[in-house]
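Architecture at a glance
Spelled out, the chains give:
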Amino acid sequence: MATSGAAAAVSGTDRDALITGDAVLLDLRPASFAARMLSGAIDGAITLALLVAGFVAVAVLAVRQDLDEGLIAAAVVLVSVGAYVGLPVLSELLLQGRSVGRIAVGTRVVRLDGGPVHVRQSLLRALMAMLEIWSTAGALALTCAVIDRRGRRIGDLLAGTMVIQERMRALEPRRPEVPGALRDWADGADVGRLPLPLLQDIRSFLPRAEAIHPQSRRQLARDLLSRTLPHVAPAPPPGTDPEEFLAAVLAERSRRDEIRLRRAQERQRELSAEVRAVPFSS
């Protein structure tokens, strides 16, 4: 169980990959539960403030203008609809899926294909929020968000939307380096092209290895080692640490891919220069 949990932690399960109809791979990161709770609290406070201000304005106007009960009831309904429905719909449409709370925590509402939400979707989310958030103090929305793997509430499920984490902490790019003990081996090793899933697993594992339970870390490293050895010749020296071997393979493979791409770009520039020169050659 510990091993499978560690594997899930390093395999990027918090990301939701999607291939659109145009064969574009989208890497959507669903917003965390804490971020959604914080943004919801901020937006809820703004909604309540708008409600109170609207009700006070209606009461003052009713006293000064001596309005009848029908007009007062209509004004109360108008204020309620504006606060519960109008405000979130206008915010999502004008701010491209954001609200004041979402701007503060760096999240945004998008369609499942990554595009901006439509009026119908925003309206459906706002109407369902009156039931699952305001009517049940958030209990219904919380239950649905816990069950759904993307953390969506009922309004998101019906509207075909999700809340994604748009603003994240920038990570400093780190160039992989071959460990010193394996540099001679890496220079002469035949490091074939690794399968993409294996390459992604290695890249996910190495930066997070120190945060994994030691036993799970060793088992996961050995598993990646056994999956990588068929693509490498000769085998590393006896007694090589699995993590150092994985780091060496990743670094060497990245270095060779970079050289190959650089040569391809240079060749492309040479061909482009020759094509431009042909009409003017003698």
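Above: the structure in question.
Just so it is clear, the structure is predicted and the values come from calculations on it, not from any experiment.

**A look at the overall build of the protein chain**
For the protein chain, the helix and strand inventory stands at eleven helices and six strands. When each of the 282 residues of the protein chain is scored for burial, the buried share is 33%. Taking all contacts inside the protein chain whose residues are at least 6 apart in sequence as the whole, residues at least 24 apart take part in 69%. For the protein chain, the exposed surface amounts to about 17,500 Å²; the carbon and sulfur share of it is 62%.

**Examining the packing of helix 5 (residues 119-134) against helix 6 (residues 139-147)**
Relative orientation and spacing of two packed helices are given, respectively, by the angle between their axes and the distance between those axes. The interhelical angle for the contact between helix 5 and helix 6, taken along N-to-C directions, is 95 degrees, at an axis separation of 5 Å. Put simply, helix 5 runs roughly perpendicular to helix 6. The residues of helix 6 that touch helix 5, namely those facing L131, E132 and I133, are A139, L140 and A141. Residue composition of the contact of helix 5 with helix 6, by class: five nonpolar, no polar and one charged.

**With respect to helix 5**
Each turn of an α-helix holds 3.6 residues, which means side chains three or four residues apart point in the same direction. Across its 16 residues, helix 5 extends 21 Å between first and last C-alpha, which sits within 8% of the 22 Å expected from 1.5 Å per residue. A maximum bend of about 35 degrees is found in helix 5 at M128. What helix 5 keeps buried is the set Q121, S122, R125, A126, M128, A129 and E132.

**Things to note about the side chain of E243**
Along the chain, the position of E243 falls in helix 11 (residues 242-277). Classification of E243 by relative accessible area gives buried; the value is 18%. In terms of polar contacts, E243 uses its side chain to reach the side chain of R217, at 2.6 Å. When neighbours within four sequence positions are excluded, E243 is seen to be in contact with F205, L206, A209, R217 and A221.

Rules behind the numbers
Residues numbered from 1 in each chain as written. Predicted model: local features only at pLDDT ≥ 70, side-chain atom pairs only at ≥ 80, totals over all residues. Heavy atoms only, no water. Helix = DSSP H or I, 4+ residues; strand = E, 2+ residues; numbered from the N terminus. Buried < 20%, exposed > 50% of the residue type's maximum accessible area, 1.4 Å probe, protein only. Contact = heavy atoms within 4.5 Å. Areas by Shrake-Rupley, 256 points an atom, 1.4 Å probe, with all protein chains shown as cover. Axes fitted to C-alpha atoms, helices over the stretch in contact; angles between N-to-C directions. Parallel < 35°, antiparallel > 145°, perpendicular 65-115°, else oblique. Nonpolar A, V, L, I, M, F, W, Y, C, P; charged D, E, K, R; others polar. Expected span 1.5 Å × (residues − 1). Bend = angle between axes of the 7 residues up to and from the residue. Polar contact = N/O pair within 3.5 Å; in protein donor to acceptor, adjacent residues only side chain to side chain.

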